[in-house]
Amino acid sequence: MRIELATQPGDSLRPNEDFVSVALPASGHGGALVLLDGVTPPPDGATGCAHGVPWFTARLGGALLELAASRPDMTLRECLSAGISRTADAHRDVCDLSHRRTPQATVVLARWDAGAVEHLVLSDSALLIEGPGGAVRAVLDDRIARLAALGPVTDGQRNAEGGFFTAAADPAVAGRAVTGTTPRTDVRALGALSDGAARWVEVFREGGWRECFSVLAKEGPGALIERVREAELADPDGRSFRRGKPHDDAAALYAEL
């Protein structure tokens, strides 16, 4: 088994809001991975929370890794629901969890054993699944992309019917996640990307998901992030490739099972 991961802040003066980790073995066999992309607050910083997004992603990420790795009796949706509840309980007495910008994150979860690989994706981070023949399938929650195709995506569409969903303070959001199970024999390797790393495909169009997975496998997650940084620096003002901010936190993981 080969596991590699890397993460890098988009701005060296700001904390990295991404979280990525792996647990091996999970309950004595298999493994689990977690990748979160914390949602950057608006310029005024208003979130109703005294702790901040890095605190939130660390708490939620740690809870999800523990649950996914140690509780095979729970589905990944149940792990996400329990992890959100646990994290909310840690600060609900001092923070306004009803604030629309309360700290939140996108989620990628995967768990595997000898028989199957389970997955869960919520919001715009990506999970890549490579089959034994080399084909790559991207598991995406495309709600933000579909909304963006119709016009600007607004705060009013966040965690709202007809909008898009992130892991914040409501455990019921776990029911909105994209989930599935693949036979273990149909999976050779996994990749996970925050949208800052997925820019290589989704923003800069340097290649498709298969080519992106090849970079992960041959050069490693750190090399993929460096390629993204090079593309960002070549278009610092976003004139050729429009994006919300010039640089973004990036996290990437490669797991050869």
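Details of the structure are given in the entry above.
These numbers were taken from a predicted model, which means no experiment stands behind them.

*Asks:* I'm lost on the overall build of the chain in this one. Help?
*Replies:* When its secondary structure is counted, the chain shows six helices and ten strands. Here the chain has a C-alpha radius of gyration of 17 Å; the compact-globule value for 257 residues is 18 Å, and the two agree. Dimensions of the chain along its principal axes, counting C-alpha atoms only, are 50 × 45 × 35 Å. A buried classification covers 50% of the 257 residues belonging to the chain. Contacts in the chain between residues at least 24 apart in sequence constitute 69% of all its contacts with a sequence separation of at least 6. When the accessible surface of the chain is split by element, carbon and sulfur atoms take 51% of a total near 11200 Å².

*Asks:* Help me out: how do you make sense of the sheet that holds strand β7 (residues 136-140) in this one?
*Replies:* Neighbouring strands of a sheet are bound in pairs by backbone hydrogen bonds; such pairs are parallel or else antiparallel. Taken in spatial order, the five strands make up an open sheet running β1-β10-β9-β6-β7, and their pairing is antiparallel. Strands at the two margins of the open sheet, each flanked by one partner only, are β1 (2-8) and β7. When the angles between neighbouring strand axes are averaged without regard to direction, this sheet yields 10°. Here β1 pairs with strand β10 (residues 250-256) via seven bridges, running antiparallel. Bridging across to β10, I3 finds its partner in A255. Against the sheet, helix α4 (residues 195-202) contacts β9 (189-193) and β10, and its axis sits at roughly 80° relative to β10.

*Asks:* Help me out: how do you make sense of unusual backbone geometry in this one?
*Replies:* Note: most peptide bonds trans; most residues except glycine with negative phi. Note that the residue after L24, namely P25, is joined by a cis bond; omega there is -15°. Note on placement: P25 falls in the loop between β2 (18-23) and β3 (31-38). Even without glycine at this site, S27 takes up a positive phi of about 55°. Relative to the helices and strands, S27 is located in the loop between β2 and β3. Among the residues examined, S27 registers a relative accessible area of 38% and is labelled partly exposed.

*Asks:* How should the pairing of strand β6 (residues 126-130) be read in this particular structure?
*Replies:* Side chains on a regular strand alternate between the two faces of the sheet. With respect to burial, β6 is a largely interior element, five of its five residues being buried. Residues A126, L128 and E130 of β6 are buried on one face, and the alternating residues L127 and I129, pointing to the opposite face, are buried as well. In terms of strand pairing, β6 meets β7 through five bridges, oriented antiparallel. Across the sheet, residue A126 finds its bridge partner in β7, namely L140. Between β6 and β7, which pair antiparallel in sequence order, lie five residues; one of them, G134, sits at a positive phi of approximately 100°. Of the strand pairs in this sheet, β6 and β9 are connected by five bridges, and their pairing is antiparallel.

*Asks:* Looking at this structure, how should I read the sheet that holds strand β8 (residues 178-183)?
*Replies:* Strand order in the open sheet made by the five strands is β2-β3-β4-β5-β8, with antiparallel pairing throughout. One side of each edge strand has no neighbouring strand; the edge strands of this open sheet are β2 and β8. Adjacent strand axes in the sheet meet at a mean angle of 10° when their direction is disregarded. Both β3 and strand β4 (residues 105-112) contribute to a ladder of eight bridges, which runs antiparallel. Bridge pairing in β4 links G31 to W112. Contacts from helix α2 (residues 76-89) reach β4, β5 (116-122) and β8 within the one sheet, and its direction differs from that of β5 by about 45°.

*Asks:* Explain helix α6 (residues 221-234) here, please?
*Replies:* An α-helix turns once per 3.6 residues; consequently, residues spaced three or four apart project the same way. Helix length check: α6, at 14 residues, gives a terminal C-alpha distance of 20 Å against a target of 20 Å (1.5 Å per residue), a fit within 8%. Residues P221, L224, I225, V228, R229, A231 and E232 constitute the buried set of α6. Summarising the axial view, the buried residues of α6 lie within an arc of 160°, below the 170-degree limit, and thus occupy one face. Relative to its buried face, α6 has exposed residues pointing more than 90 degrees away, namely E230, L233 and A234. Lining the buried residues of α6 we find β1, β9, α4, α5 (209-218) and β10.

Scoring rules and cut-offs
- Residues numbered from 1 in each chain as written.
- Predicted model: local features only at pLDDT ≥ 70, side-chain atom pairs only at ≥ 80, totals over all residues.
- Heavy atoms only, no water.
- Helix = DSSP H or I, 4+ residues; strand = E, 2+ residues; numbered from the N terminus.
- Rg over C-alpha atoms; globule rule 2.2 N^0.38 Å.
- Buried < 20%, exposed > 50% of the residue type's maximum accessible area, 1.4 Å probe, protein only.
- Contact = heavy atoms within 4.5 Å.
- Areas by Shrake-Rupley, 256 points an atom, 1.4 Å probe, with all protein chains shown as cover.
- Pairing = 2+ DSSP bridges.
- Axes fitted to C-alpha atoms, helices over the stretch in contact; angles between N-to-C directions.
- Expected span 1.5 Å × (residues − 1).
- Arc of directions from axis to C-beta.

That is the geometry; function is a separate question.
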